Amino acid sequence: MLRRFEVYALRPDAPPDAVRALEAACRECGRFIPEVLDSAVGTNLSHAPVQLVWEHAYASTEAYRRYMVHPYHAVVIDRYLLPDAPERIVIDGPLGAGLYGYGCDGPSYRMSAGVRRLVLLRLDAGASETDVARLAETLEQAATDVPDMTVSIMAANSMGSAWFDGVTPVMGPPRWTHVWEQGFANLDALDSYRHGDSTVAEVERGGWDRWMGGVVKRSAELFYEVSRVPDPTDGHG
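Residues numbered from 1 in each chain as written. Predicted model: local features only at pLDDT ≥ 70, side-chain atom pairs only at ≥ 80, totals over all residues. Heavy atoms only, no water.

We now examine the overall build of the chain. A count of helical and extended segments in the chain gives eight helices and 10 strands. Burial status across the chain gives 50% buried among its 237 residues. A fraction of 75% describes how many contacts in the chain between residues 6 or more apart in sequence connect residues 24 or more apart. (Helix = DSSP H or I, 4+ residues; strand = E, 2+ residues; numbered from the N terminus. Buried < 20%, exposed > 50% of the residue type's maximum accessible area, 1.4 Å probe, protein only. Contact = heavy atoms within 4.5 Å.)

What follows deals with unusual backbone geometry. In this model, D38 sits at a positive phi of 50 degrees, which is unusual for a non-glycine residue. With respect to the helices and strands, the residue D38 is situated in strand β2 (residues 37-43). For D38, a relative accessible area of 6% corresponds to the buried category.

Bringing helix α1 (residues 16-27) into the picture now. Over its 12 residues, α1 runs 16 Å from end to end, which matches the ideal 16 Å to within 8%, given 1.5 Å per residue. Those residues of α1 that fall on the buried side of the exposure criterion are A18, V19, L22, E23, A25, C26 and R27. (Expected span 1.5 Å × (residues − 1).)

With 88% of its residues at a pLDDT of at least 70, the chain reaches an overall mean of 88. When mean pLDDT is compared element by element in the chain, strand β8 (residues 178-184) scores highest at 97, while strand β10 (residues 227-228) scores lowest at 68. Across residues 162-171 the pLDDT falls below 50, and counting only partners more than four positions away or on other chains, this stretch makes 17 contacts in the model. (pLDDT = per-residue confidence, 0-100.)

Moving on, we come to the nonpolar core. Within the largest apolar cluster, 27 residues are counted, with the highest numbers of intra-cluster contacts made by Y8, L22, C29, W54, Y67 and I89. Broken down by secondary-structure element, the contributors of at least two residues to this core are β1 (2-10), α1, β3 (52-58), α3 (61-68) and α4 (71-77). Looking at which element gives the most residues to this core, the answer is α1, with five residues. Contacts of I89, omitting those with residues within four sequence positions, involve A9, L10, R11, A14, P15, A18, V19, L22 and Y80. (Core = buried A, V, L, I, M, F, W, Y, C linked by side-chain atoms within 4.5 Å.)

So, on to the pattern of salt bridges. Per the counting criterion, the structure on display carries 15 salt bridges. A salt bridge links R117 to E204; the nearest nitrogen and oxygen atoms lie 2.7 Å apart. One end of the pair, R117, is in strand β6 (residues 115-123); the other, E204, is in helix α8 (residues 199-206), and 87 residues separate them in sequence. Residue classification places R117 among the buried positions, given a relative accessible area of 3%. Where salt bridges share partners, they join R3, E55, R116 and E181 into one cluster. (Salt bridge = Lys/Arg side-chain N within 4 Å of Asp/Glu carboxyl O.)

As a further point, take the sheet that holds β6. What the four strands build is an open sheet, ordered β7-β8-β6-β9; its pairing is antiparallel. Every interior strand has two partners, whereas the edge strands, β7 (149-156) and β9 (216-225), have only one. Recorded for the sheet is a direction-independent mean angle of 15 degrees between the axes of neighbouring strands. (Pairing = 2+ DSSP bridges. Axes fitted to C-alpha atoms, helices over the stretch in contact; angles between N-to-C directions.)

The next thing to look at is α3. An α-helical turn contains 3.6 residues, so a residue and the one three or four places further along point in the same direction. Those residues of α3 that fall on the buried side of the exposure criterion are A63, Y64 and Y67. Looking straight down α3, one finds its buried side chains confined to an arc of 100 degrees; they lie on one side. Tucked into the core, α3 has its buried residues touching β1, α2 (29-32), β3 and α4. (Arc of directions from axis to C-beta.)

Summed over all chains, the structure comprises eight aromatic pairs. Consider the rings of F32 and Y72, whose centres lie 4.7 Å apart with planes at 10 degrees: the pair is stacked. Of this pair, F32 sits in helix α2 while Y72 is found in helix α4, placing the two residues 40 residues apart along the sequence. On the basis of relative accessibility, which here comes to 44%, the residue F32 falls in the partly exposed class. Seen in terms of ring centroids, F184 and Y193 are 5.7 Å apart; in terms of plane orientation they differ by 35 degrees. Their pairing is tilted. (Phe/Tyr/Trp six-rings, centres within 6.5 Å; stacked < 30°, edge-to-face > 60°.)

Turning to the side chain of H73, a few remarks are in order. Position of H73 relative to the elements: it lies in helix α4. One polar contact links the side chain of H73 to the main-chain carbonyl oxygen of M68, over a distance of 3.4 Å. If sequence neighbours within four positions are ignored, H73 has contacts with I33, Y67, M68 and D78. (Polar contact = N/O pair within 3.5 Å; in protein donor to acceptor, adjacent residues only side chain to side chain.)

Counted residue by residue, β2 has five buried out of seven residues, so it is predominantly covered. When β2 meets β3, the two strands line up antiparallel, connected through five bridges. Following the sheet pairing, L37 is matched in β3 by A57.

Next up, the structure:
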């Protein structure tokens, strides 16, 4: 599977009706493009300088390619996004390309509601595969060690590169090399984790650069409440 996030910074003068229309177009995308799975939209609640997050997934690279050329994508969604579109309401975001994602074996990220948190990581370019694997194992173990965390997935950010040659433009190495995706039941659960005594919470409070030999060079976060259209095929309604 392919897990994908589009993160939008909105124009300060974006008409509220147009913002709501973009949210609806993203949230309901799976109704018109069957390749789009687990489509959900959230308003960023963190201090990151972005406003809107669209999370979704695809069963395969081929499914992603079909989505990219689907008329709904070109006619409905892109009207609010493309630089040459008169109705564009987004601006170039400060967090990089605004597109993050990773490959996974199955929908272990899935939750019907709650708070999603993304921690964007830039790892040391010289980090060994062993160091990266150890970091991923420790972060993913958090879902077991932290009662308030229901999802914890750490993976390479594949969406910021030329992984889909001929579909996604070549953008060079991504600013954020890895994504740590988390899930919580609500904002109180996220707050409890952040102030808790787990290893990873203490690392986040104290600074990544002093942990595991400084393998993490930079980080940024954003979080939002999930708002999705239930998919009758995924067991959530």
